[in-house]
Amino acid sequence: MPATLDQLSARQIAAGVASGAFSAVEVAQAALDAIAERDADTQAFLQVSEDLALAAAARVDALRAAGRALPPLAGVPVAFKDNMNLLGTRTTCASHMLERYESPFTATCVQRLLDAGATPLGKLNMDEFAFGSTTDSSAFHPTNNPWGLALVPGGSSGGSAAAVAAGEVTLALGSDTGGSIRQPASLCGVVGMKPTYGVVSRYGVVAFGSSLDQVGPLGRRVEDVALALNALVAGGRDPRDSTSQACEQDFIAHLDDPIEGRHVGIIPSLLEAPGLSAEVRVAMRLAAERLEAQGAHIVEVSLPNMASAIAAYYVIAPCEAFSNLARFDGVRYGYQEPGCATLAKQTSLSRARGFDQEAKRRQMLGAYLLSSGVYEQYYLPAQKVRTLITADYQRAFERVDAILMPTSPTVAWEHGAISDPAALYLADVFTISSNIAGNCAISVPVCLGSESGLPIGAQLQGPSFADARLLTFARALERSCSMEGLVAPGFAGRGGELA
Ligand code: GLN
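Keep in mind the model is a prediction, meaning the values are calculated, not measured. (Residues numbered from 1 in each chain as written. Predicted model: local features only at pLDDT ≥ 70, side-chain atom pairs only at ≥ 80, totals over all residues. Heavy atoms only, no water.)

Observations regarding the site of the ligand
In step 1: Around the ligand sit 15 residues, and of these Thr177, Gly178, Ser180, Tyr313 and Arg362 come closest.
In step 2: Contact between the ligand and Gly179: an oxygen atom at 3.3 Å from a main-chain N or O atom of the residue.
In step 3: Between Tyr313 and the ligand, the recorded distance is 2.6 Å, taken from a side-chain N or O atom to an oxygen atom.
In step 4: Alone, the ligand offers 290 Å² of accessible surface; in the complex the protein occludes 99% of this. (Near = heavy atom within 4 Å. Polar contact = N/O pair within 3.5 Å; in protein donor to acceptor, adjacent residues only side chain to side chain. Areas by Shrake-Rupley, 256 points an atom, 1.4 Å probe, with all protein chains shown as cover.)

This is the structure:
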């Protein structure tokens, strides 16, 4: 019986290509078949880059034919959130504003995966400009959660999580400003990591909140995510992103180190947070038990200012978004309203027609919050809260190596079920603080909810630049949870056969 691509890990695909068990072009074709078969249900993709995929795969096969050593992700199918530039594709940010925007160059994060031999399958859906937690605010179409097509995949990297969960690709990149990699990973039952701020270059990724944004990988296994991260940091600091830092860590080498004797923090009061579902609470206890069974010490810690994180984030993030999105003025970038008599009219109509509702809401909020008199009342205190939260983490990480907490207060919900924007903002309660402090965080599938039968992810957070060690904890959790490599039911094996 031929294997299907979705059964294989990134390492197995690269090894199979290197040994000649199958060619990279065969893998690319299998991924294209899987996408053709499955994406009508998930609608995870905005563009499928068939030509680029086949050309990249052919280059890998040519290397092998020439007897050269193959790179670590040789032939591995990947796709990218559509806020990342890839030459030969459009970069739309799921917005009418950039509907026809052709990538003028390739983002560093994308290029590094290509340099590692990965096969680019295309661009993935997202909430418009990454504002949101459902992917329903894409200007083009919603994406469906592979675990239930009436459900949201989460967001804003919902296309990335859904494509991975449905086995359309092995790996995807997402971006995380307030939880946008981890929350959809949790809702779709896959692994998603937000590395420490500065670990992955954002050059060529359309900015949302520049002091918060971080790019990271999603996969069905911790090992796949670790391999992707190795590729993302290979080549060192990117001089084209001033926040990028050199990162010498090997994310694979210590993956299976024992966690015996290590300390994992829990924050009991978080489990009493309003809106936290009973099944997520049960899953968190289970995760703690699983880590304890492997010899970790579970220690109570507190992040006293975390309660203010949402308020601070929804001041800082809109302010930065307002500043970053000012460039879409209908002149140089993006949609340009035709036939306007004056420049002012052209700018205002281009922005009014180019942006959808949530993008407008964020920018108007940012403009207001930065205006004189208001700035002192909100932006300044939000920055002070940021300092306090960062100090809370520093204190906690003196006592523990990682902190365990939920990723999302609930499992996936139905499209349109939450219409109040503030209610959606509140659901970011567990993810936002690590963007505020800049430390690393990952979501790992733990179990299916006892009531819903839907995946629940646990979040592990670690100190800044301890990303490799965080992955060791994530791997320990994965090992004990038997969710590794899971493809959403109903998708496994649909197309994507490898001869
Ligand atoms: N849900 C958060 C927001 O809407 C996070 C988004 C993100 O991380 N890009 O701002």
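Quick word on the pairing of strand E5 (residues 191–194)
In step 1: On E5, burial covers both faces: Val191 and Met193 on one face and Gly192 and Lys194 on the other are all buried.
In step 2: Looking at chain direction, E5 and strand E10 (residues 440–448) are connected through 3 bridges and run antiparallel. In the strand pairing of E10, Met193 is matched with Ile442. (Buried < 20%, exposed > 50% of the residue type's maximum accessible area, 1.4 Å probe, protein only. Helix = DSSP H or I, 4+ residues; strand = E, 2+ residues; numbered from the N terminus. Pairing = 2+ DSSP bridges.)

With respect to the nonpolar core
In step 1: Within the largest apolar cluster, 161 residues are counted, with the highest numbers of intra-cluster contacts made by Leu73, Cys109, Phe129, Ile403, Leu460 and Leu471.
In step 2: Per element, the largest residue contribution to this core is 11 residues, and it comes from helix H9 (residues 309–325).
In step 3: Dropping the residues within four chain positions of it, Phe129 is found in contact with Cys93, Ser95, Met97, Leu98, Val206, Phe208, Leu325, Phe328 and Phe355. (Core = buried A, V, L, I, M, F, W, Y, C linked by side-chain atoms within 4.5 Å. Contact = heavy atoms within 4.5 Å.)

So, helix H5 (residues 158–165)
In step 1: Buried residues dominate H5, accounting for 8 of its 8 residues.
In step 2: Every buried residue of H5 is listed here: Gly158, Gly159, Ser160, Ala161, Ala162, Ala163, Val164 and Ala165.
In step 3: Phi for Gly167, located one or two positions after H5, is positive at around 70 degrees.

Structural notes on the side chain of Asp39
In step 1: For Asp39, the position within the fold is in helix H2 (residues 24–42).
In step 2: Put simply, Asp39 is tucked away with no salt bridge, and the nearest opposite charge, on Arg38, sits 9.4 Å away.
In step 3: The residues touching Asp39, leaving out its near neighbours within four places in the chain, are Ala34, Ala44, Phe45 and Glu168. (Lys, Arg positive; Asp, Glu negative; His and termini not counted. Salt bridge = Lys/Arg side-chain N within 4 Å of Asp/Glu carboxyl O.)

A word on the packing of aromatic side chains
In step 1: Counted by the stated rule, this structure contains 11 aromatic pairs.
In step 2: Here a set of aromatic residues connected by ring pairs shows up, and it is made of Tyr101, Phe129, Phe328, Tyr333 and Phe355.
In step 3: Lying over the aromatic face of Phe491, Arg494 brings its terminal NZ or CZ to 5.0 Å of the ring centre. (Phe/Tyr/Trp six-rings, centres within 6.5 Å; stacked < 30°, edge-to-face > 60°. Lys NZ or Arg CZ within 6 Å of the ring centre and 35° of its normal.)

So, the packing of helix H8 (residues 278–293) against helix H15 (residues 467–481)
In step 1: In the contact formed by H8 and H15, the axes pass within 9 Å of each other and the chain directions differ by 105 degrees. One finds that H8 runs roughly perpendicular with respect to H15. Side by side, H8 and H15 meet where Ala287, Arg290 and Leu291 of the first sit next to Phe473, Ala476, Leu477, Ser480 and Cys481 of the second.
In step 2: Its residues placed into classes, the contact of H8 with H15 shows 6 nonpolar, 1 polar and 1 charged. (Axes fitted to C-alpha atoms, helices over the stretch in contact; angles between N-to-C directions. Parallel < 35°, antiparallel > 145°, perpendicular 65-115°, else oblique. Nonpolar A, V, L, I, M, F, W, Y, C, P; charged D, E, K, R; others polar.)

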